[in-house]
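Geometric and topological summary
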Amino acid sequence: MSGVRLDGVALGKQIRGEVAEQVVALGITPGLAVVLVGEDPASQVYVRSKGRACEQAGMHSETIRLPATTNQAGLLAAIDRLNADPAIHGMLVQLPLPDHLDTDTVIRRIDPAKDVDGFHPINIGKVVLGDPTGFRPATPYGIQQMLIRSGIETTGAHAVIVGRSTIVGRPMASLLIQNGPGGNATVTTCHSRSKDLGAITRSADILVVAIGRPRCVTAEMVKEGAVVIDVGINRVEDASTERGYRLVGDVDFEAVAPLASAITPVPGGVGPMTIAMLLVNTLQAARAGLRF
Ligand code: NDP
């Protein structure tokens, strides 16, 4: 068996195209604001791509850049302004924040109706309950869309998720157990304290890996014919590249791809889906605003 490459670039483009068409039909311009505190290089790249994707979809995009020295009150005041701004339908605060800022307090300050990252407790609760008015966090939402649009059956499948973060692992479990398309799986969630990880991952029909360790999941840990979704984005040194590094996932792609039935590459797999789903959520926010 040789794994089908799940092409997140093509699927993401398709979804962004659908969003652009729906924006035209909406009659108002959805607005997304991204708050960036400090100069973290990776965050700057992510924020730029979010802004660009937004504009390409016909949305209004604003980036609020605050110095790394911004205090909690200053950041909360910026969020309050965006909460009150009628041109902004969705907003997110790019994480990670500098250490002196309290991420939980910051996230809770965002109006849940504008929380397009889906990190506010109200949205986390709605997603767990399967309430479609909640915002599904973009990365697991993108993975679910990728499974649906690639014709991968989740009903009755054993889905094993490695990683229990609030932005990937936990919401992924919530989405996969729901009763509906891209759901109805039997879900096991693993983490750093799970015993005999390999025995659990080998029982997966669908394996989602989000741990942040380069090539941690090896061929011995994967069942023949499994669908493998690699969320990890890790920099590894590579002197042969101009930048001196390259990006790899949490899965040993070369070793695992031959035995998987389908697999996401890194880069070009889950990453582009994440940005596409952020636009879907911003459109959802703008639509919901029209109903009031
Ligand atoms: P976190 O660091 O928040 O969580 C990592 C999780 O992995 C934790 O639950 C941890 O367990 C678990 N873990 C760590 N090591 C092991 C191990 N050896 N065995 C089993 N479980 C382990 O990471 P994120 O969820 O935020 O991100 C994970 C990866 O995905 C990163 O590489 C990140 O860059 C990438 N990412 C990619 C996105 C995309 O769009 N493609 C979006 C978001 C993230 P414990 O809880 O016990 O510590």
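Located above this text is the structure these notes cover.
Below or above, wherever it landed, is the structure these notes cover. (Residues numbered from 1 in each chain as written. Predicted model: local features only at pLDDT ≥ 70, side-chain atom pairs only at ≥ 80, totals over all residues. Heavy atoms only, no water.)

Details of the overall build of the chain
As a reminder, the rule being used: For helices the rule is a DSSP run of H or I covering at least 4 residues; for strands it is a run of E covering at least 2, with both sets numbered from the N terminus onward. Note that the radius of gyration is over C-alpha atoms, with the globule rule given as 2.2 Å times the number of residues to the power 0.38. Three exposure classes are used, based on accessible area relative to the maximum for each residue type with a 1.4 Å probe and protein chains only: buried under 20%, partly exposed in between, and exposed over 50%. Note on contacts: a residue pair qualifies if any of its non-hydrogen atoms lie within 4.5 Å across the two residues. Only the protein chains shown count as cover for residues, with accessible areas throughout obtained via the Shrake-Rupley method and a probe of 1.4 Å. A residue counts as positive if it is Lys or Arg and as negative if it is Asp or Glu; His and the chain ends are not included. Just so you know, the charge point we use is NZ for Lys, CZ for Arg, CG for Asp and CD for Glu.
Scanning the chain for helices and strands turns up 10 helices and 11 strands. Over its C-alpha atoms the chain spans a radius of gyration of 19 Å, differing by no more than 12% from the 19 Å that the globule rule assigns to 292 residues. Taking the principal axes of its C-alpha atoms as reference, the chain extends roughly 50 × 45 × 35 Å. With 292 residues in all, the chain has 50% of them scored as buried. Taking all contacts inside the chain whose residues are at least 6 apart in sequence as the whole, residues at least 24 apart take part in 71%. Carbon together with sulfur atoms contributes 54% to the accessible area of the chain, which is approximately 13500 Å² in total. For the chain, the centre of its 27 positive side-chain charges and the centre of its 28 negative side-chain charges are spaced 2 Å apart.

Points about the side chain of Thr70
Short version of the rule: Pairs of N or O atoms within 3.5 Å make up the polar contacts considered here, provided that, within protein, one atom can donate a hydrogen while the other can accept it, and that residues adjacent in sequence are counted only when both atoms are side-chain atoms.
One can find Thr70 in the loop between β3 (60-66) and α3 (72-84). A polar contact of 2.5 Å, which involves the side chain of Thr70, links it to the backbone oxygen of Pro67. When residues no more than four places from it in sequence are discounted, the contact partners of Thr70 are Val37, Leu75, His100 and Leu101.

Brief notes about the site of the ligand
In plain terms, the rule: Any residue with a non-hydrogen atom lying within 4 Å of a molecule or strand is treated as near it. Note that Gly is not counted as nonpolar here; it falls among the polar residues with everything else outside the nonpolar set of Ala, Val, Leu, Ile, Met, Phe, Trp, Tyr, Cys and Pro and the charged set of Asp, Glu, Lys and Arg.
Taken together, 21 residues form the shell around the ligand, and within it Arg164, Ser165, Ser192, Arg213 and Thr274 come nearest. Within the contact set of the ligand, an oxygen atom lies 2.7 Å away from a side-chain nitrogen or oxygen of Arg164. For the shell around the ligand, a count of residues per class yields nine nonpolar, 10 polar and two charged.

A closer look at the pairing of strand β8 (residues 227-230)
The criterion, for reference: A pair of strands is treated as paired once DSSP finds two or more bridges between them.
Residues Val227 and Ile229 of β8 are buried on one face, and the alternating residues Val228 and Asp230, pointing to the opposite face, are buried as well. Sheet topology note: the strand β7 (residues 206-209)/β8 ladder contains four bridges and is parallel. Within β8, the residue paired with Ile206 across the bridge is Val227. Two elements, β8 and strand β11 (residues 262-263), share two bridges in a ladder whose sense is parallel.

A closer look at the sheet that holds strand β2 (residues 31-37)
Quick reminder of the rule: Working convention: axes come from line fits to C-alpha atoms, limited for helices to the stretch in contact. Angles between N-to-C directions cover 0 to 180 degrees.
The strand order across the open sheet built from three strands is β3-β2-β4, with neighbouring strands paired in parallel fashion. Two strands lie at the open edges of the sheet, namely β3 and β4 (90-93), each paired on one side alone. The mean inter-strand angle of the sheet, taken between neighbouring strand axes irrespective of direction, is 15°. Two elements, β2 and β4, share four bridges in a ladder whose sense is parallel.

A closer look at the layout of surface pockets
Applied cut-off: Both cavities and pockets are sets of points on a 1 Å grid over the protein atoms alone; in a cavity a 1.4 Å probe fits but cannot get out, in a pocket the set is open with protein on both sides within 12 Å along at least five of seven lines, and lining residues sit with an atom within 4 Å of a point. Grid points are joined across faces, edges and corners, and a volume is the space filled by probe spheres set on the points.
Taken as a whole, the second largest pocket encloses approximately 560 Å³ of empty space. Taken together, 32 residues line the second largest pocket, and the ones lying closest to its centre are Phe135, Gln284, Ala285, Arg287 and Ala288. Of all elements in the fold, only α1 (8-26), α5 (121-129), α6 (138-149) and α10 (270-290) reach the threshold of two or more residues within the lining of the second largest pocket. If one sorts the elements of the lining of the second largest pocket by residue count, α10 sits on top with eight residues. Considering only residue class, the lining of the second largest pocket consists of 16 nonpolar, seven polar and nine charged.

Regarding a nonpolar patch on the surface
Counted only if it meets this: Only residues above 30% relative accessible area that lack a salt bridge enter a patch, with like-charged residues linked at up to 9 Å and the nonpolar side chains Val, Leu, Ile, Met, Phe, Trp and Tyr linked at up to 5 Å. Any carboxyl oxygen of Asp or Glu that lies within 4 Å of a side-chain nitrogen of Lys or Arg is treated as forming a salt bridge with it.
Together, Val45, Tyr46 and Ile233 give the surface a local cluster of nonpolar side chains, amounting to about 260 Å² of exposed area. Looking at where Ile233 falls in the secondary structure, it is placed in the loop between β8 and β9 (234-237). By relative accessible area, which is 46% here, Ile233 ends up partly exposed.

Looking at the sheet that holds β11
Spatial strand order, β1-β11-β8-β7-β5-β6: six strands in an open sheet with parallel pairing. Every other strand in the sheet has two partners, leaving β1 (4-5) and β6 (186-190) as the edge strands with one partner each. Relative to β11, β1 is paired through two bridges, and the arrangement is parallel. When the bridges of β11 are listed, Val4 appears paired with Ala262. Lying over the sheet, helix α7 (residues 169-177) contacts β5 (158-162), β6 and β7, oriented at roughly 170° with respect to β5.

Observations concerning unusual backbone geometry
At the junction of Leu95 and Pro96, the peptide bond is cis and its omega measures out at 5° in the coordinates. Position of Pro96 among the secondary structure elements: in the loop between β4 and α4 (103-109). The omega torsion of the bond from Val266 to Pro267 falls at 0°, within 30 degrees of zero and hence cis. Not every positive phi belongs to a glycine, and Arg215 is a case in point at roughly 50°. For Arg215, the location among the structural elements is in the loop between β7 and β8. Note on Arg215: relative accessible area 32%, which makes it partly exposed.

Focus: the packing of helix α2 (residues 41-56) against α10
Selection rule: Any angle that falls under 35 degrees is termed roughly parallel, while one over 145 is termed roughly antiparallel, one within 65 to 115 roughly perpendicular, and all others oblique. Note on convention: the crossing is left-handed when the near helix lies turned anticlockwise from the far helix by less than a right angle, right-handed when the turn is clockwise.
Packing of α2 against α10 leaves a shortest axis separation of 10 Å and a crossing angle of 55°. As the angle between them shows, α2 and α10 are arranged oblique. In the packing of α2 onto α10, the handedness of the crossing is right-handed. Contacts from Ser49, Lys50, Ala53 and Cys54 in α2 reach Ile275, Leu278 and Leu279 in α10. Each residue belonging to the contact of α2 with α10 can be placed in one class, and the counts come to five nonpolar, one polar and one charged.

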